[in-house]
Amino acid sequence: MRVLQLGVGSVGEVTARTVAGEPEVDKVVLADIDEERTTEIAGKLPADKVETLGLDVADRSALVRALNGVDFVINGLTPDVNMDLMDACLETGTHYMDMAAAGPRNVVGTADLDEEFALDGAFKKKDLTALVCFGIDPGASDVFARYLYDQLDTVERLTVFDGDNASADGYTFAPAFSPTTMVEECLMLPPIAFENGRRILRKPLSHSREFEFPEPIGKLKVWNVDHEESQLMPMFLAGKGLRDADFFIALDDGWVNLLLTWRNLGFDHNQEIEFEGARFRPLDLLVSRLPKSIDLIGKLHGHTCVGTLAEGTEDGKPVRRYMYQITSHDEAFKKHGVQGTGWQTGVPAACAAIMFARGLIRDRGILAPECIDPQPFLELMTQHEMPWHVIDMPTDD
Ligand SMILES: NC(=O)c1ccc[n+]([C@@H]2O[C@H](COP(=O)([O-])OP(=O)(O)OC[C@H]3O[C@@H](n4cnc5c(N)ncnc54)[C@H](O)[C@@H]3O)[C@@H](O)[C@H]2O)c1
């Protein structure tokens, strides 16, 4: 299988390196607007399996040329390009995978999940598969939800909890993944939640609580933010009595205060603003003051945990079961030369791509992580140094 890795940032590097180790993959083409970075990452892949390409994804004809002859494209860019890329895949007959789909499009110009699913018929008609939202969260978190769903007799609530206790050398604010995506999902996009069996929209940064993450992280304050799982889990896992689905991420007080101040100043959007003759977009301005994900390589110290809590019943008894994955930023750097979030996101994406390459995913159309067989995916995660765990939590919490 010939793979095009589009975007070799923090996540794309890990996905490309992991996929290149798969015998079913003959070639990995690394494409990025930053051509130097493709050359740097190419040096970490087997020389006989790698090619590089400087590519601006906004250049449609160059994109179509890059996709021609490619079996499977892995989208490691920000989600605003998803729809154009999927459209190009339909033109060139290329199977597709992405790691995020924020929405709705009219808020900040990102692609909406519903819009991706609307292409189901078009992909099926062309005998193509599009794997959407295959990172750690969304991605592995949804596979965890499906795994727990299959175990339990009833599932009333599914909640994803993401907690990172890392500090970053030299930075006060340091989102561990794409800062654009981080600001969009925390501040700009109203979180979609599934509450009492209905899809609702909340105000950004309006809901918080505490969650006891497994050791060595412990208790952290978590906030409800816009995330794909709140839409995906009710779409595919509602059959056992689901009433509520949510996503919470740990955010430190300084970051929340910064975002709330930004909102109070009227900057929680990305429309162009004029100030004393200069024009700027508030999101772009804030992001320009934050480190890029790759700037944090070797500078993050601590752990990141992503997991899904299923609340329901088993054999007539109440159950609160949490399935999770913990990655150490320090170990990810020591062993693989990357930061923990890049590792934790890039490996599950690669596991899905490997399943596809091995013929373990044969369905066509738009497939969410809830739609694939969890077992081989989880086995691949373990093989690729991403162990996961399942614990029962007290039912009286
Ligand atoms: N599902 C998850 O768990 C999860 C977690 C983290 C990140 N993500 C998603 O993964 C994506 C990548 O995150 P990241 O942290 O690797 O970001 P990153 O900023 O490190 O990487 C993005 C790469 O895209 C390249 N790029 C930017 N514009 C381009 C263009 N016009 N043409 C070609 N290349 C271009 C950049 O040079 C960079 O190398 C983001 O969309 C993020 O939302 C998903």
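For the structure itself, consult the block above.
Just so we're clear, the structure is a prediction, and the values are computed from it rather than from any experiment.

Colleague: Just give me the short version of the overall build of the chain, but keep the residues and values in it.
Modeller: When helices and strands are tallied, the chain shows 15 helices and 20 strands. A compact globule built from 397 residues should have a C-alpha radius of gyration of about 21 Å, and the chain, at 20 Å, falls within 12% of that. Reported as C-alpha extents along the three principal axes, the dimensions of the chain are approximately 60 × 55 × 45 Å. Per-residue burial for the chain yields a buried fraction of 52% across its 397 residues.

Colleague: For helix α15 (residues 374–383), give the residues involved together with the corresponding values.
Modeller: When α15 is considered as a whole, its buried residues turn out to be Pro374, Phe377, Leu378, Leu380 and Met381. With its buried residues spanning 160° around the axis, α15 presents them on a single face. What points out from α15, more than 90 degrees from its buried face, is the exposed set Gln375, Glu379, Thr382 and Gln383. Turning to α15, the residues buried within the fold contact α8 (140–151), α14 (340–357) and β20 (388–392). Phi turns positive, to about 60°, at Glu385, one or two residues after α15.

Colleague: So what's going on with the packing of α8 against helix α10 (residues 229–236)? Which residues, and what values?
Modeller: The contact between α8 and α10 brings their axes to 11 Å, and the two run at 30°. When the axis of α8 is compared with that of α10, the two are roughly parallel. When you trace α8 past α10, the crossing you get is right-handed. Mapping the contact onto sequence places Ser141, Asp142 and Ala145 in α8 and Glu229, Leu232 and Met233 in α10.

Colleague: Before we move on, could you go through the site of the ligand and cite the residues and values that matter?
Modeller: For the ligand, the set of nearby residues contains 33 residues, the closest of which are Gly7, Gly9, Val11, Gly135 and Phe177. The set of elements that each furnish at least two residues to the shell around the ligand consists of α1 (10–20) and α14. For the shell around the ligand, the leading source of residues is α1, giving three residues. Of the residues contributing to the shell around the ligand, the split by class is 14 nonpolar, 13 polar and six charged. Here the shell around the ligand gathers at least three residues from each of two domains, domain 1 (2–131) and domain 2 (140–340 + 387–392).

Colleague: How would you sum up the nonpolar core? Please name residues and give values.
Modeller: One finds Val28, Ala130, Ala352 and Ala353 to be the most contacted residues of the largest nonpolar core, which totals 125 residues. No other element matches α14, which puts eleven residues into this core. Each of domain 1 (2–131) and domain 2 (140–340 + 387–392) contributes no fewer than three residues to this core. When residues no more than four places from it in sequence are discounted, the contact partners of Ala130 are Met86, Tyr96, Leu119, Phe123, Ile366 and Leu367.

Colleague: Can you lay out the sheet that holds strand β4 (residues 72–75) for me, pointing to particular residues and giving the numbers?
Modeller: Pairing is parallel in the open sheet, where seven strands are placed in the order β3-β2-β1-β4-β5-β6-β19. The open sheet has two edge strands with one neighbour each: β3 (50–54) and β19 (365–367). The sheet shows a mean angle of 20° between the axes of neighbouring strands, taken without regard to direction. The pairing of strand β5 (residues 95–98) with strand β6 (residues 129–131) spans two bridges and is parallel. Counterpart to Met97 in the pairing with β6 is Leu131. Lying on the sheet, helix α4 (residues 82–92) is in contact with β4, β5 and β6; it crosses β5 at an angle near 165°.

Colleague: If you had to explain the pairing of β4 to someone new, which residues and values would you point to?
Modeller: Here β4 shows two buried faces, one formed by Phe72 and Ile74 and the other by Val73 and Asn75. Pairing of strand β1 (residues 2–6) with β4, which is carried by four bridges, proceeds in the parallel orientation. Each bridged residue has a counterpart across the sheet, and for Leu4 the counterpart in β4 is Val73. For β4 and β5, the ladder comprises four bridges, and the chain directions are parallel. Bridge pairing in β5 links Ile74 to Met97.

Criteria and thresholds
Residues numbered from 1 in each chain as written. Predicted model: local features only at pLDDT ≥ 70, side-chain atom pairs only at ≥ 80, totals over all residues. Helix = DSSP H or I, 4+ residues; strand = E, 2+ residues; numbered from the N terminus. Rg over C-alpha atoms; globule rule 2.2 N^0.38 Å. Buried ≥ 20, exposed ≤ 12 C-beta atoms within 10 Å, placed from the backbone. Arc of directions from axis to C-beta. Contact = placed C-beta atoms within 7 Å. Axes fitted to C-alpha atoms, helices over the stretch in contact; angles between N-to-C directions. Parallel < 35°, antiparallel > 145°, perpendicular 65-115°, else oblique. Left-handed = near helix turned anticlockwise from the far one by under 90°. Near = placed C-beta within 6 Å. Nonpolar A, V, L, I, M, F, W, Y, C, P; charged D, E, K, R; others polar. Domains from an automatic or database assignment. Core = buried A, V, L, I, M, F, W, Y, C linked by C-beta atoms within 7 Å. Pairing = 2+ DSSP bridges.

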